[in-house]
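Below are the chains, spelled out letter by letter.
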Amino acid sequence: MSQIMLCDKLCSVEDCIPGTGVYLRHGYIYSSLAGYVLRKNEGEELPVISVVRETETQLLPDVGAIVTCKVTSINPRFAKVHILYVGSTPLKDRFRGTIRKEDVRATEKDKVETYKSFRPGDIVLAKVISLGDVQSNYLLTTAENELGVVVAHSEAGAQMVPISWCEMQCPRTHTKEFRKVARVQPEYLQA
Amino acid sequence: MATVQVSEAEKVYILHGIRDDLRVDGRGCEDYRHMEIETDVVSNTDGSAKITLGHTAVLVGIKAEIGKPRPMVPDEGYLEFFVDCSANATPEFEGRGGEELGTELSNTLYKVFNNKRSVDLKSLCISEGEHCWVLYVDVLLLQCDGNLYDAISIAIKAALFNTKIPRVQISADDEGGKEIELSDDPYDCMRLNVENVPCIVTLCKVGHRHVVDATLQEKACSVASLIISVTHKGTVTCTRKVGGGSLDPESIFEMTEAGKRVGKALHTPLMKLLQEEESRGA
Amino acid sequence: MPTDTKRVRGPEVSQSPSLFLPDGRQRDQVDVRPVFVRCGLVSQAKGSAYIEAGNTKLMCCVYGPKETERKDETDMKCGRLTTDMRFAPFSCPERGSWIQGSQDKDFSLMLQESLQPAVCLHKYPRSQIEVNVMVLENSGSVLAHAVTCASLALADAGIEMYDLVLGCSIRQDGASYVVDPTYTEQNSCSSVSSENQGGLTVAFLPSLNQISGLQSDGEMTEETLTAGVRTCIEGCYKLYPVVQQALTKAVRRAALPPPES
């Protein structure tokens, strides 16, 4: 595995598909990081060429990315969250996001009540739908079966168990609380 | 910085025009816009000038005050620059919005005048190590329509030309102390030699060419510009790359050459104009 | 004819002592001071670098990308690069203050303008990358070395860049010049009457052959200026292998090569 410097010419665009850590100039692929070259064949005709460094370069939340976040506050119109992970990569810095009432679930959007969907402190799986504009932060959605609350604590302080797509139960007091529960995919459970 | 939004189509139009040496307002690549200079506009100052360049308007006032010379150079006076970006120019400057641009401009002005010949600083000395004239050059931006550097430098040159510093006499009193006496005659004053005061030329790189005196629209199409201050002899007193882009060494050399040529040509008509106005006023 | 063995004979060819600078460097040659660079001395920062050139010592830390503090339209597509350059109060012969003066702000701006062309800011939408430079000892050519140090810290932080940025200064003094001047050389002007008198700093992207920063003051003819820029570029190339070596070391320390796949 060869070590590569910044701005080294790697190959022509005709030989490889540019991956991460590289940029194109005049039909050639150059490295934009100092690191190691990685060539991957992903079933396509050309291998994907990337330059990597450490384990994973710093990711930023991007449109379409699945993020793990923590709810910090809620009000009737939206829930504010802190984005903690992008995919399985932890973020080093804090990024704030917003889940609007309309984006909580896919059906009966008008009947959504944020108080019955999230509580501050919940860990939520969500998807980025927009980077937002000047006023707002990242806009997130949980309007998919696989998205929603994954970890929540009851008022008694115990970690609750999901019992349906909209309810969770406290194992200590057996009280039921409303949440927009995620049906967690097995692949996420292993990670 | 006051900026405008330019669409892709407009950009292409401007770029293609400049490539063929024809700009949106009909100028060539090295032409200035219409310029108007007026001196002696504020009566409370020792020297003042107002300049309009296209829609850019700058007012410069110079006040001379007696101060203490700098310890490093006891036989010289000095100049102080301050650029105020008034919220009149653009609402962006409201509050502290114009502060950054103001410091940038004034820092550049210090660099432009950071040499021995621009202004004869020795003539500003009253008594060595004790008293000297300090010229406070205050620049006020009234309207922004691109090319602030050039407008400011021309306005400063005009204001310095206009500056009248009262003559002072130093007399020793009985105890050996010194006394500064201001001349009674208001017309008895000292003038500065502004022959060597440089003018700034800003060259904006647009596409593969560069333009002089860019409007805000043209500025929006350019990635980087080079400012060059040139004296009437063609000596360069300051250069600086501004903007977020980078430039080819060859194009920098080309731009310096063009800047020198344009800058040199700027001085003669300017001095002529100033002298004409002076004689008309008298 | 017997030679006079008692007399010490001078060398055949000799050069005037004024050709040499106090530290043994030659005038009118692209003779930069020996540099020492090292990456990753601040573990808390995303990336950091330290540079020592002669007695000029400075360090740089890079933080981010993190959420922007100031928001306006331009941040949506591109990231923002913020720079902050400060002088330690003890860095100069005269004690400075901790408060950032207008000169420091000017340096910060120059640094920002020199670095920005090299950073792939479009890969960091909605975020800002902070570059902090602290000058520990000012012994001349501070801005040039700050640029080099900051670009190295950015590379160490794994921020995507088009190229490294290297800085070099010269001091023109009459017909002769000094590359990478020291503090005293920078502020001295021996020949009063001469035409060419001034300082020049260039920031250069070596692989792309682009100048990202240029600043000069004093008085220079156009020819001198052009020659000066060329000299600075040459000076930058001298730094290039040293900086590359430091970066190679940093990459190797950060992670072992990934397994062959």
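You'll find the structure just up there.
Given the structure is predicted, the values throughout are model-derived calculations rather than measurements.

**Student:** Could you give an account of the overall build of chain C, naming the residues involved and the relevant values?
**Tutor:** Across its full length, chain C carries 4 helices and 9 strands. Secondary structure elements of chain C occur, N-terminal to C-terminal, as β-β-β-β-α-β-α-β-β-α-β-β-α. Looking at chain C as a whole, 51% of its 261 residues are labelled buried. When contacts within chain C are restricted to residue pairs at least 6 apart in sequence, those whose partners lie at least 24 apart make up 70%.

**Student:** Give me the lowdown on the interface of chain B and chain C, citing residues and values where you can.
**Tutor:** In this complex, chain B contributes 29 residues to the contact, which on the side of chain C involves 28 residues. Residue contributions to the side of chain B that touches chain C peak at 7 residues, all from strand S14 (residues 236-242) of chain B. Split into classes, the residues belonging to the side of chain B that touches chain C amount to 8 nonpolar, 13 polar and 8 charged. In the sheet, S14 of chain B pairs with strand S9 (residues 210-219) of chain C via 2 bridges, with the strands oriented antiparallel. Of the residues in S9 of chain C, the one forming a bridge with Thr 239 of chain B is Ser 216 of chain C.

**Student:** Any chance you could break down the pairing of strand S9 (residues 178-182) of chain B for me, citing the residues and the numbers?
**Tutor:** Where burial is concerned, little of S9 of chain B is hidden: 0 out of the 5 residues are buried. Between the end of strand S8 (residues 168-172) of chain B and the start of S9 of chain B, which pair antiparallel, lie 5 residues, with Gly 176 of chain B showing a positive phi angle near 85 degrees.

**Student:** Break down the packing of helix H1 (residues 102-115) of chain C against helix H2 (residues 142-156) of chain C for me, citing the residues and quoting the values.
**Tutor:** All names here are of chain C. With their axes 10 Å apart at the nearest point, H1 and H2 run at an angle of 50 degrees to one another. What the angle tells us is that H1 and H2 run oblique. Where H1 crosses over H2, the two elements pack in a sense that is right-handed. Contacts from Phe 107, Met 110, Leu 111, Ser 114 and Leu 115 in H1 reach Leu 143, Ala 146, Val 147, Ala 150 and Ser 151 in H2. Looking at the contact of H1 with H2, its residues break down into 8 nonpolar, 2 polar and no charged.

What counts, and where the lines are drawn
- Residues numbered from 1 in each chain as written.
- Chains lettered and ligands numbered in written order.
- Predicted model: local features only at pLDDT ≥ 70, side-chain atom pairs only at ≥ 80, totals over all residues.
- Helix = DSSP H or I, 4+ residues; strand = E, 2+ residues; numbered from the N terminus.
- Buried ≥ 20, exposed ≤ 12 C-beta atoms within 10 Å, placed from the backbone.
- Contact = placed C-beta atoms within 7 Å.
- Nonpolar A, V, L, I, M, F, W, Y, C, P; charged D, E, K, R; others polar.
- Pairing = 2+ DSSP bridges.
- Axes fitted to C-alpha atoms, helices over the stretch in contact; angles between N-to-C directions.
- Parallel < 35°, antiparallel > 145°, perpendicular 65-115°, else oblique.
- Left-handed = near helix turned anticlockwise from the far one by under 90°.

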